[in-house]
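If you want the building blocks of each chain, they are given just below.
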Amino acid sequence: MRMSKSFTPTLKEVPADATVASHQLLVRAGYIRQLAAGIYSILPLGQRSILKITAVVREEMNAIGAQEFYLPALNPREIWEESGRWTMMGENMFRLKDRKGADLCLAMTHEEVFTVLARAELRSYRQLPQAWYQIQTKFRDEPRPKSGLLRVRQFTMKDSYSFDLDRAGLDKSFEDHRQAYVRIFGRCGLKTIQVEAHSGAMGGSGSTEFMVPTDAGEDLIASCENCGYAANTEKAESQVDTTDKYKAAGESPPLEEFATPGVLTIEALSAKPYGVTADQQLKTLVYVGDDKPVIAIVRGDDQLNEAKLQTASGASVLRPAHPDEIQRWMGARPGSLGGVGLSGKGLRIFIDRRLAGLTGLVTGANRDGFHLRNVSVPRDLSHATSADLRMVNAGEGCPRCGSPLTVAKALEVGHIFKLGTRYSETMGARVLDESGKETPIVMGSYGIGIERILAGAVELHHDGDGIRMPMSIAPLHVALLPLQMQDGAVRDAAERLYRKLTDAGVEVLLDDRDERAGVKFKDADLIGLPLRIAVGKKGLAEGKVEWKQRGANEVDLIALTEVVARAQSAVRDGGGRLSR
RNA sequence: CGGGGCGUAGCGCAGCCUGGUAGCGCGCCUGCCUUGGGCGCAGGAGGUCGGAGGUUCGAAUCCUCUCGCCCCGACCA
């Protein structure tokens, strides 16, 4: 590839709207350009990297016996109605109508379409197991696209689906995918950790996320260095103190209402005249789960974890209640809410399990400007269901071994689900088993965000000068820089090297522009190809060129005759592939 | 959806408060010069100031509405 004839628009300045490193660098290095919020054009350098990534993905998927498909992104409403997700997906799904007025959507994922194929064609257990995948564009109308390629509305996903006769088969398919994912991310230069995850709108019994630890990520993961426990904080548990710290001496005193005019927050109630510490208070939050009120109670200094409330309540769609809904159901405004006295009103109430058995607590009275003291959970909140609702914090005890947990930000690059029969039952995908009995197919679903691999690699591999692409997914292997274009010998030597390297299967970006050496060095560093070969007058006089690895500090002078062999082995050693 | 910020040349920005002929840097084009870390000099092209309406003799600037983008939160497979 010749720089002089390529579209590689590099930028000297940082784009104003880019905040994370991968976004800034991918734009500056000419890999991507933004078209609209969360919608990006992939430029030639970006596309070359994407193709490298998808090649790795294909190899590893094929290696576990998965077969590649290509399914429609444009879906009819009907199949999404069948699975129940036409409404469940809510605002996050792009919807449109055709000329006849029929409803269509842009697929966010492909359980429905693959299940339609499976139910139409899979009839016998003899046809199982199957593993099907595709690499395809997904559309999600994210409420808030951000961070360049990290959170977008249109992106490429490798999604695969397994079809098995029983749970044991699913376990095997799931494990195959886990191993394939470990290889894929490893080969792409990503360090990932596997964490237990919340299954969300996918349904199913369990899921594992593959996370790249980086501050650019949006997820929080809790992990234990001692025993290896790791979970997304949407799901993570911890060991916390549950002693009955505020228990009154002797008999439990009766509930007592007291006036708290203008007190609407935990902090206000813990301040001056009241002095009720946050850990003595109950925080009461009102949600709407599948159009019904759901009330959650956690300790005043704890944070409600909405994913956990969703799990506990079994709701498929959960949102905070509006102020008027709260007023209607609770009889008071936020700030004076409580769970006491709500039994028999048809409200579903959940209380965090750390509060079980505690007494001497304070909560809102469901009367504006009043709170209750002497609250006893076993006595006054027995109508509430105990569940794990709270967000874990760093330093709390690992649920397995008790060692302190670490909490860190991470980027989700893959997610594998055991779906079970969630889709095969609702959509009627069944096979006959050995005994001739109809049984729903047991499914799994497995996703990888392709552009996120690219962005994640840049987050992990860059420095002040630009990107440091891993060999395996770099757009090309070598930046070849003739430093003095006005010198015929330099030009000729570079051209000969370009030809020889290319013939040897090494992918070369020849910077044959009539630019000064400094410009070429800067652009090469920015673009981040793993190898740099500089051809200069001085070295050439001795038959030598400069060899430098992008990340290295030292520069080697090597003989022209060594270049090809050395480049070939560097490509191989770096996990790359020669192109012929 | 709540809060904040920003839309002025391809990119990054100033000008707006206090209305009066639209500017700077980078990039781009031409010439000279230079030639190993984003050279130097000279000349040049390029803007309906996001859009609509209003106030005014006059609007990038003031007012109203609207669209878009970014950040924080909420939300999120």
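Analysis parameters
- Residues numbered from 1 in each chain as written.
- Chains lettered and ligands numbered in written order.
- Predicted model: local features only at pLDDT ≥ 70, side-chain atom pairs only at ≥ 80, totals over all residues.
- Heavy atoms only, no water.
- Domains from an automatic or database assignment.
- Helix = DSSP H or I, 4+ residues; strand = E, 2+ residues; numbered from the N terminus.
- Buried < 20%, exposed > 50% of the residue type's maximum accessible area, 1.4 Å probe, protein only.
- Contact = heavy atoms within 4.5 Å.
- Axes fitted to C-alpha atoms, helices over the stretch in contact; angles between N-to-C directions.
- Parallel < 35°, antiparallel > 145°, perpendicular 65-115°, else oblique.
- Left-handed = near helix turned anticlockwise from the far one by under 90°.
- Nonpolar A, V, L, I, M, F, W, Y, C, P; charged D, E, K, R; others polar.
- Salt bridge = Lys/Arg side-chain N within 4 Å of Asp/Glu carboxyl O.

Each domain of chain A was delimited in the assignment, giving domain 1 (14-73 + 108-236 + 407-459), domain 2 (244-387) and domain 3 (476-573). Inter-centroid distance (C-alpha atoms) of domain 2 to domain 3 is 68 Å.

Once that is clear, we can look at the environment of cysteine 398. Take cysteine 398: it is sitting in the loop between β20 (385-387) and β21 (406-420). Owing to a relative accessible area of 0%, cysteine 398 belongs among the buried residues under this scheme. Between the C-alpha atom of cysteine 398 and that of alanine 268, which follows or precedes it by 130 residues, the distance is 32 Å. For cysteine 398, the contacting residues outside a window of four places in its chain are Cys224, Cys227, Tyr229, Gln239, Ser403 and Leu405.

What follows concerns the packing of helix α2 (residues 44-63) against helix α6 (residues 167-187). Where α2 contacts α6, the axes come no closer than 9 Å and their chain directions differ by 155°. On the basis of their axis angle, the class for α2 and α6 is roughly antiparallel. Classified by chirality, the crossing of α6 by α2 is right-handed. Residues Val56, Val57, Glu59, Glu60 and Met61 of α2 touch α6, and the partners they reach there are His177, Ala180, Tyr181, Arg183, Ile184 and Arg187. Residue classes in the contact of α2 with α6 are distributed as six nonpolar, one polar and four charged.

Attention shifts here to the pattern of salt bridges. Counted under the stated rule, the structure contains 44 salt bridges. Of the charged contacts, one joins arginine 373 and glutamate 256 as a salt bridge, the two residues approaching to 2.7 Å between their closest N and O atoms. Of this pair, arginine 373 sits in strand β19 (residues 370-375) while glutamate 256 sits in strand β13 (residues 256-259), placing them 117 residues apart in sequence. For arginine 373, a relative accessible area of 30% translates into the label partly exposed. Take glutamate 256: its relative accessible area is 36%, and that puts it in the partly exposed class. Where aspartate 523 meets arginine 513, a salt bridge forms, and the shortest distance between an N and an O atom there is 3.0 Å. Of this pair, aspartate 523 sits in helix α14 (residues 517-527) while arginine 513 sits in the loop between β28 (508-510) and α14, and the two are 10 residues apart along the sequence. Across the pair, arginine 513 and aspartate 523 agree in class, each one buried. Here the salt bridges do not stand alone but share partners, grouping Glu59, Glu60, Arg183, Arg187 and Arg577 into one network.

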